[in-house]
Amino acid sequence: MKNLKYILSCLAAFAIAASFSGCSNDDSSSDNSGEVVYYDDSSNSYVAPEDSEAVARQNAVTAIGKINEPASAGECEIIAKDIVALGEREPNDVYNYSSDIFAVEVEVINNTTETVNISDISDFYISVDGGKETLAADPYVIAVAAKSIDNFVSLDGDVEPGKSISGYITFEAKTGWQEIVVSYMPLIENDNYDSVIYTITPDMVE
């Protein structure tokens with residue numbers, strides 16, 4: 001349904017663009033016939049591609065998550081369990097500072113009527129001490145967790161309706177950090193940017 005709506009919206013957009021192009025003066029210095037726009041339900045208008053994410057984020061629902069308590073993002077429920085410290089990454093040629101490595105066991109329950117994909121690689125973001133938001137996953141950090149945790153499994157896989165998946169997410173923060181914000185935002189299945197955010201402080205880490 002979403003794909004059909006998107007196609008129809010694009011066709012309508014191109015029709016509008018074409019009609020304006022046909023009525024334009026030959027001496028016009030601008031040509032808008034190649035522009036692409038998206039339809040935004042909330043404002044009943046068309047928006048440029050660079051504006052579409054901003055519109056979606058503005059309408060998003062953000063839930064405040066608490067460790068070991070369920071929270072919802074869209075129609076999926078997430079439970080983040082204890083935060084475990086896994087040691088430190090020493091400074092190297094790429095990073096001239098040390099960082100602390102963490103893992104969190106997470107369970108996600110699919111309350112939708114369709115199979116959804118859950119991924120520690122693409123669904124989780126972090127921001128350290130108010131800095132830029134980046135993807136949480138890092139190959140080195142995942143490797144450290146795999147060596148440090150018995151029966152380690154990354155949170156990754158397809159989940160059928162009514163079923164759940166459990167696994168670990170991993171991330172790191174520059175040593176001396178005071179606050180880490182972890183966001184669960186399942187973009188593949190969630191085009192409105194609904195999310196759950198967890199604020200982590202040093203006293204919460206085991």
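Criteria and thresholds
- Here the residue index of a chain counts from 1 through its sequence in written order.
- For this predicted model, a pLDDT threshold of at least 70 governs which residues receive local features, and a threshold of 80 or more governs which side-chain atom pairs are given and counted, while totals over whole chains, interfaces and linings are taken from all residues.
- Just so you know, side-chain values use all the structure's heavy atoms and leave hydrogens and water out.
- Under the scheme used here, helices are H or I runs from DSSP no shorter than 4 residues and strands are E runs no shorter than 2 residues, and both carry numbers assigned from the N terminus.
- Here a polar contact is recorded for every N or O atom pair within 3.5 Å, except that within protein the pair must consist of a potential hydrogen donor and a potential acceptor, and residues adjacent in sequence are included only if both atoms are side-chain atoms.
- Residues are treated as being in contact if the distance between any of their heavy atoms lies within 4.5 Å.
- Using a 1.4 Å probe on the protein chains alone, a residue whose accessible area is under 20% of its type maximum counts as buried, one over 50% counts as exposed, and one in between counts as partly exposed.
- Pairing between strands is defined by DSSP: at least two bridges between them are needed.
- Axis definition: a line fitted to C-alpha atoms, over the contacting stretch in the case of helices. Angles run 0 to 180 degrees between N-to-C directions.

Here's the deal with the side chain of D194
- Inspection of the secondary structure puts D194 in the loop between β12 (180-184) and β13 (195-200).
- Within the structure, D194 has its side chain in polar contact with the backbone nitrogen of V61 (distance 2.8 Å).
- Once residues lying within four places of it in the same chain are set aside, the contact partners of D194 are A60, V61, A73, G74, Y184, M185 and P186.

As for the environment of S72
- As for its placement among the helices and strands, S72 is situated in strand β4 (residues 71-73).
- For S72, a relative accessible area of 42% translates into the label partly exposed.
- Once the C-alpha coordinates of S72 and T62 are considered, the two residues, 10 residues apart in sequence, prove to be 9.0 Å apart.

Some remarks on the sheet that holds strand β9 (residues 134-135)
- Judged by pairing direction, the sheet is mixed, and its five strands sit side by side in the order β3-β13-β12-β8-β9 without closing on themselves. The outermost strands of the open sheet, each flanked by one partner alone, are β3 (62-64) and β9.
- Here strand β8 (residues 124-128) pairs with β9 via two bridges, running antiparallel. Across the sheet, residue Y125 finds its bridge partner in β9, namely L135.

Some words on the side chain of S127
- Within the secondary structure, S127 sits in strand β8.
- A polar contact of 2.6 Å, which involves the side chain of S127, links it to the backbone oxygen of G131.
- Ignoring sequence-local partners within four residues, the contact set of S127 consists of K132, E133, E179, I180 and V181.

Topic: the sheet that holds strand β6 (residues 99-110)
- Ordered by their spatial adjacency, four strands build an open sheet running β4-β5-β6-β11, and the pairing between neighbours is antiparallel. Bordering the open sheet on either side are β4 and β11 (164-174), each of which pairs with just one other strand. Averaged over all neighbouring strand pairs, the angle between strand axes comes to 40°, with direction disregarded.
- Summarising the sheet, β6 and β11 pair through 11 bridges and their orientation is antiparallel. Each bridged residue has a counterpart across the sheet, and for A103 the counterpart in β11 is T170.

So, the environment of P139
- Here P139 shows up in helix α3 (residues 139-148).
- Note on P139: relative accessible area 65%, which makes it exposed.
- In this structure the C-alpha to C-alpha distance between P139 and F171, which are 32 residues apart in sequence, comes to 9.9 Å.

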